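Spelled out, the chains give:
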Amino acid sequence: MKSTLKITLLGGINEIGGNCVLLEDLGFDVNLLIDFGINFERYNPSFNYDAPSNIESLFKAKLIPRPKGEVLRNLYSKYYIFNHKKQRHGQKVGECKNKTDPPTKIHGLLISHAHRDHYYGITLLNRNIPIYTGVTTKKIILSHYDTRGFRMDNFYTGLKWKLFRTGNIIDIKGLEIIPIHVDHSVPGSYGFIFKTSAGIVVYSGDFRLHGPLSYMTGDLLLKVKELLRRGDPPKNEINNNSRVKCLICEGTHIHKGAIESERTVKKNLKTLFKNIFFNYFLVKYDRGDWDRFRTYATIAKQHNWKYIITEKDAYFYYRLNKKAIYPTMKNPHIRKDDHIYILKQSHRRYPWKPFIENMLKKHEKMWRYIEFEDITNSEGNFFLNITSLNKEQLLESLPNHLKGLFLSSTIDPYTDHFYDDSKTLEKKLLNLHIPSYRINASGHAIPHDIYKYIMEINPENLIPIHTKYPELFEKLLSNKDINVIIPQDKENGFQIEVS
Ligand SMILES: [Zn+2]
C-alpha cells in the first residue's frame, strides 16, 4: 500500500475562520474535506449584509476555494445553488427534484462544529458528497436554518447527512476516522482522529481547556494516547511508529490569553449582584453559546429576575431542549423555566413562529409572551439578551425611568453578529446613561493550554490553522522535536505531503 498523504489547506490559512482542509490518502484512495467555512472578517465588508446570491461572488471575495485539479472537480453542486434574487424558494426546490449532481472524487465532508466559519459552504456542495457531522451539530445548523430567510447560503435541499456521536468510528474504504467531542463555545463540537495510511493525523477543531466541559477535550487526548499504545495504526507496517504524524491545530488565541472561565463569569456576575443598584441588565453573547445562556439565566433565576430573550432565540433553544443528548442542554428549559420571558419581535408570520406561541398557549403560559412596550413600562429586575434584536427598536424601547447596565461578551469572529459592533452600541447606550462591563470566557484555548495540548499529542508535524499568528507556534516549540509547518500560500491553498 502506498502510504502517502497530501494535506492541503484551502482556507483558514493564517487567518481566523474559513477552515477548509483537503486530506488525500493515496494508500486508501480516499479524499476528504474537513470543515467548509468562510472567513467572516472578509465576508461582511464584501457583502455588507446583502447575502450573496451566486457562487462567483464568493470566489471573487476569496471566501471559498475555486476548485483546481482532478480531485476537486465537481466539488460544487451543478443544480442545487439557489439564486434567491432570481427565483422563489419553492420554485427552486421543485426544480431540484430528480436532479443528480455529477460524480465527484470527494468521499465526504466532515464538519467539526456548528459555527459558520466551519460549515457555511455546505449549501454549495455537490449533493453526492456525504456530510459527516455530530447529531447536535446538525440540530443546531437546522435550528438556525429555520429562522433565517430563504437564501443561497441557507439552501439545504438534497444534502446527504451522515451523523455520528463520540464512540462511533467512521469507515471510508478502510480509512477509519474517530470523532471525539471537545469543549468549545457551542455544544456538540468535535475534533477528529484519522487513521491514515501514513499514520495518525489529528484535526483539533476549535477547542478550549478552560470551559465547563473541558474533560471532553481531554477525552480526545486520551484517545490519541490509547491508539499510540496499541500501535494501532498505521495499518501498513512500514510507517508504524509511536508518534502522531501530523496535528492540524487551531490557534485563535495563540497570541493572547485571558485567565477566564465560565466559572469566573458566574463569579463576576455574583459580585455585581452583591451591591446591586441597577434595575436591569442588557446582555450580549452568541446565540449558540449555551454555557453563557445558562450562566446568565441561572443567576437571574436565583435573584428572581426575569430573563428575556427574543422569540427567535426562544425557538432555537426550544428545539435544542427537545431530545437533548447532553443533560446540560436541558438547562435552561424554554418550556419549564417560568422566569424566561419571550419577546415578540414582529407581527410577521414566520414558519417557525407558531411553535413558540402554540407551546406557550398549550401550557397556559401566554403571560410569558411579552411585547416591547412591556419592557418600556417595566418595573425592572430583568436581563434582556439583545444580541439578535434590532438595535434601533431596542434603544427606543428601553425604560428611561430605570437604571440599566450593559454586559458585553466578546462575539468571536465566526458569527453573523461579529460586525454588529459592540463599541458603537456601547456609545449609544452611554448616551442613554447606561454604563457597560465586559464579562467573557472565550471558546478558544489560551496559549498555555494550546502548548499543553500539543505536548500531549507530541506530533511529528504540526500545521497551525485558524490563527493570524502561526509563527508563534514555531517560536513556542523551537526547542521541541516538532516540525512546525507554516502555511505560506494564502491565494492558492497550501499543500504538504506526509509519508
Ligand atoms: Zn468555532
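What counts, and where the lines are drawn
Residues numbered from 1 in each chain as written. Predicted model: local features only at pLDDT ≥ 70, side-chain atom pairs only at ≥ 80, totals over all residues. Heavy atoms only, no water. Core = buried A, V, L, I, M, F, W, Y, C linked by side-chain atoms within 4.5 Å. Buried < 20%, exposed > 50% of the residue type's maximum accessible area, 1.4 Å probe, protein only. Domains from an automatic or database assignment. Contact = heavy atoms within 4.5 Å. Donors = N, O, S within 2.8 Å, 3.2 Å for Na, K, Ca; no water. Tetrahedral: all angles 85-135°; square planar, octahedral: opposite > 155°, others 65-115°. Helix = DSSP H or I, 4+ residues; strand = E, 2+ residues; numbered from the N terminus. Axes fitted to C-alpha atoms, helices over the stretch in contact; angles between N-to-C directions. Parallel < 35°, antiparallel > 145°, perpendicular 65-115°, else oblique. Left-handed = near helix turned anticlockwise from the far one by under 90°. Nonpolar A, V, L, I, M, F, W, Y, C, P; charged D, E, K, R; others polar.

Chemist: Run through the nonpolar core, naming residues and quoting values.
Modeler: Ile7, Phe194, Tyr296, Tyr307, Ile334 and Phe383 are the most contacted members of the largest nonpolar core, which totals 109 residues. Both domain 1 (5-256 + 444-498) and domain 2 (262-438) contribute no fewer than three residues apiece to this core. Aside from chain neighbours lying at most four places away, what touches Tyr296 is Val265, Leu269, Val283, Tyr285, Tyr307, Phe383, Leu407, Ser409 and Ile439. With 27 residues, the next largest nonpolar core counts Val202, Leu221, Leu227 and Leu477 among its residues.

Chemist: An account of the coordination of the zinc ion is requested, with residue identities and associated values reported.
Modeler: Every protein donor of the zinc ion is listed here as His113 (NE2), His115 (ND1), His184 (NE2) and Asp206 (OD), and their distances to the metal cover 2.2 to 2.4 Å. Viewed at the metal, the four donor atoms of the zinc ion are separated by angles of 88 to 172°, and the geometry they form is irregular. For the zinc ion, the single-chain donor residues occur in sequence as H-x1-H-x68-H-x21-D. In this pair, His115 sits in the loop between β4 (108-111) and α5 (116-119) while Asp206 sits in the loop between β10 (199-203) and α7 (214-230), placing the two residues 91 residues apart along the sequence.

Chemist: So what about the packing of helix α8 (residues 262-274) against helix α9 (residues 290-302)? Which residues, and what values?
Modeler: Relative orientation of the contacting elements α8 and α9 amounts to 30°, with a least axis distance of 10 Å. By the angle between their axes, α8 is roughly parallel relative to α9. Note that α8 runs across α9; the crossing there is right-handed. Touching Glu262, Val265, Lys266, Leu269, Lys270 and Phe273 of α8 are Asp291, Arg292, Thr295, Tyr296, Ile299 and Gln302, all from α9. For the contact of α8 with α9, the class distribution of residues is five nonpolar, two polar and five charged.

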